Amino acid sequence: MLKLKQCAFGALLAGMLFGNLHAQAVGSSGPELPIVDGTPTVDSITIVDSLSIVDVKVAVDISHTFRGDLQIDVRSPSMTTVRMSNNHGGGGDDVIVTFSSTGVPFDQAQLAAGLAFEMQPSGPGSMLDFAGQSSLGDWVLEINDTAGVDDGTLHSWQLELYDATSGIVTTPISGLSCSPQQTQATLTWNSGATYDLIEITVDGVVVQTLPGGETSAVVTGLNEWSSYEICVAASNVGEVALPICCTVDTPGDASGDHLVIAGEVRPGIDSVTALRNALPVATVVLPNFDQLVGTPASVWCCLGTFPSNWVLSPADGQSLKALILAGVPVYVSGADVWGFDDPTAFNTVDGVHADIEDGIDSHFAMIGEDFLVGFDAAYTDESIVSDFIDELVIAESGEDELGDDSRVILRDDTDPFNTAIAYYTNSGGRVVCCSTEFGGYDGDQTALAEALFSFLTQSTFRRGDANADGSFDISDPVFTLASLFTIGAPAASCSDAADSNDDALLNIADAVYSLAALFTSGAPVPPLPGATNCSADPTEDALDCALYDGCF
């Protein structure tokens, strides 16, 4: 994850170096104005000074219960418009921040950080778009609430305009990009002026001093799975510009690990901890996909419930799809992933219909289906606001890329809607999609996690069940003989199950062994896990179990 911000000592330097910085024109808004759905909230500040602008700052104090509904624009007398926030911030409250050209790059998580916190606009446009224009005239703030339900209030806004005599010192660098690798980070930036030198710090410690003309660097000596604050500051004739910083989370090699992606913010149900405690394997927790290197054994995404949920980004969706196509089993739990959030590439390989109903708050008990038959239990929701639990529907034929075998595994106990769907992909990793939280399941969570794990990892089978129909009978040696000697006959989807004598080979001996076990008194039965029990293969060999439905 890359999160840009102004570091603490950067703010201190700003105070020292910009102490003589005074706006040549300042204006503040009048009384509070309501923000209502579908009607623009417009306010203006009239500037009577005619200055040639070099920079602009706009501070806004807005209360709103869903700031992702808001588009916030500022417009100059010359009719240049800059969008400061473009439906960002999700279900978070309020926008209280100062937008400027020298602030940190736009960070929607910091939109309510306070008026002392400066960040660049989200765009389209930047504050430097006003450079060279006259300050004279009406400056307009326009707020559009683009969705229903939530309203708010514009408490105040302030405009600061700077001209060439405003005392601005060394222009800081801009466009800082930080790309973390496992043990290093690559930095690139744009020069804002001619510098004498550039200084790079890691967690406040100077690690590199570069010539002023440099626009890139590689910071080495970092550790895997770690977080660092890296800052770049330029100086000229002894004056140090405001540092620009980024937080980098270095990735680690997750090959073979079982990962839990902890996207949820947890005011109530802690599904991450509940799932980790219940799974039959050790897990590694990551906050996102950016720290992922290698191919994990499985991925468990806990995205949470509105308003503390994590929305999959397009990049997240691509990462999930790539993992599934690579054969990694994936579990995704999130109340809004399918019925409200924007679709991503993940939705093409999830086994869920694209057009489903968004959000109910009346789900208090569940019924198990398919391999979760008998897992009936009560369900506890977040009990804060409406959970908006999506009503899942299996994908239509041909809708998803990995086959048509989707099955309902959990549903509401009274109303006709589904809350969990299992996707038996015909290639790639299996998928479970769940619109309820794992931690809200009031039954045996350990048993539930083990059942999900067994389905996803395909680690269990019945020895001798060559046709994978869930039973051991005459049809199995017949299937084996046909697959060996009949042109066009299907091969066993689970080679381990078809290997009746457990000799790590698939040949006529398996059919003979099965026939003897079925019809000859005293003949040996198929070795472990046996023909009646579902379990993992205790024998290490070159055979695998690509697809076996007989246990589910």
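For the structure itself, consult the block above.
Residues numbered from 1 in each chain as written. Predicted model: local features only at pLDDT ≥ 70, side-chain atom pairs only at ≥ 80, totals over all residues. Heavy atoms only, no water.

With that settled, the discussion passes to the pattern of salt bridges. Within the structure shown, the criterion is met by 9 salt bridges. Between Glu118 and Lys57 there is a salt bridge, and its shortest N-O distance comes to 2.9 Å. Taken together, the residues Glu118 in strand β9 (residues 118-119) and Lys57 in strand β5 (residues 53-64) connect sequence positions 61 residues apart. Lys57 shares its class with Glu118; the two are buried. A salt bridge links Glu401 to Lys321, with the nearest nitrogen and oxygen atoms 2.9 Å apart. Of this pair, Glu401 sits in the loop between β27 (377-378) and β28 (406-412) while Lys321 sits in helix α3 (residues 314-325); the two residues are 80 residues apart in sequence, bridging distant segments of the chain. Via salt bridges that share partners, Asp370, Asp405 and Arg407 belong to a single interconnected network. (Salt bridge = Lys/Arg side-chain N within 4 Å of Asp/Glu carboxyl O. Helix = DSSP H or I, 4+ residues; strand = E, 2+ residues; numbered from the N terminus. Buried < 20%, exposed > 50% of the residue type's maximum accessible area, 1.4 Å probe, protein only.)

Moving on to the sheet that holds strand β7 (residues 81-86). Adjacent strands of a sheet form backbone hydrogen bonds with each other and so pair up, either parallel or antiparallel. The sheet built from 4 strands is open, its strands ordered β4-β10-β6-β7 with antiparallel pairing. If you trace the sheet from one side to the other, it starts and ends with β4 (41-47) and β7, each paired once. On average, each strand axis in the sheet is tilted by 15° relative to the strand beside it, whichever way the strands run. Bridge analysis of β4 against strand β10 (residues 137-145) gives 7 bridges, and the strand direction is antiparallel. Directly across from Ile45, in β10, lies its bridge partner Trp139. (Pairing = 2+ DSSP bridges. Axes fitted to C-alpha atoms, helices over the stretch in contact; angles between N-to-C directions.)

This part covers the nonpolar core. Soluble globular proteins tend to bury their nonpolar side chains together. Core analysis: the largest hydrophobic core is formed by 35 residues, its most contacted members being Trp300, Tyr331, Phe371, Leu372, Phe438 and Leu452. Elements with a minimum of two residues in this core: β21 (258-262), α2 (271-278), β24 (298-302), β28, β29 (418-423), β30 (431-434) and α4 (445-457). The element best represented in this core is α4, accounting for 7 residues. In this structure, Leu452 is in contact with Trp300, Tyr331, Phe371, Leu372, Ile409, Val432 and Phe438, ignoring residues within four places of it in sequence. (Core = buried A, V, L, I, M, F, W, Y, C linked by side-chain atoms within 4.5 Å. Contact = heavy atoms within 4.5 Å.)

Moving on, we get to a nonpolar patch on the surface. Taken together, the side chains of Leu481, Leu484, Phe485, Ile508 and Val512 make up a nonpolar region of the molecular surface, amounting to roughly 450 Å² of accessible area. For the nonpolar patch, the secondary structure elements donating two or more residues are α5 (475-485) and α7 (508-519). Counting residues per element, the nonpolar patch draws most heavily on α5, at 3 residues. Mapped onto the elements of the fold, Leu484 is located in helix α5. (Patch = residues over 30% accessible without salt bridge, like charges linked within 9 Å, V, L, I, M, F, W, Y side chains within 5 Å. Areas by Shrake-Rupley, 256 points an atom, 1.4 Å probe, with all protein chains shown as cover.)

We now examine unusual backbone geometry. With an omega of 10°, the peptide bond between Gly123 and Pro124 qualifies as cis. Mapped onto the secondary structure, Pro124 falls in the loop between β9 and β10. The peptide bond linking Leu528 to Pro529 adopts the cis configuration, its omega dihedral lying at 10°. Within the secondary structure, Pro529 sits in the segment after α7. Non-glycine residue Ala504 carries a positive phi angle of around 70°. By the secondary structure assignment, Ala504 is in the loop between α6 (495-498) and α7. According to the relative accessible area criterion, Ala504 is partly exposed, its value standing at 30%.

Throughout the structure, instances matching the rule amount to 2 disulfides. Disulfide partner of Cys231: Cys245, at an S-S distance of 2.1 Å. Taking the torsion about the sulfur-sulfur bond, which here is approximately 110°, the covalent link between Cys231 and Cys245 counts as right-handed. With Cys231 in strand β17 (residues 227-236) and Cys245 in strand β19 (residues 244-249), this residue pair connects regions lying 14 residues apart in the sequence. For Cys231, a relative accessible area of 2% translates into the label buried. Taking relative accessible area as the criterion, Cys245 reaches 0% and is therefore assigned buried. Take Cys301: it sits in no disulfide, and the sulfur closest to it among the cysteines is that of Cys302, at 7.8 Å. Taking relative accessible area as the criterion, Cys301 reaches 0% and is therefore assigned buried. For the unlinked cysteine Cys433, the closest cysteine sulfur is that of Cys434, found at 8.9 Å. (Disulfide = S-S within 2.5 Å.)

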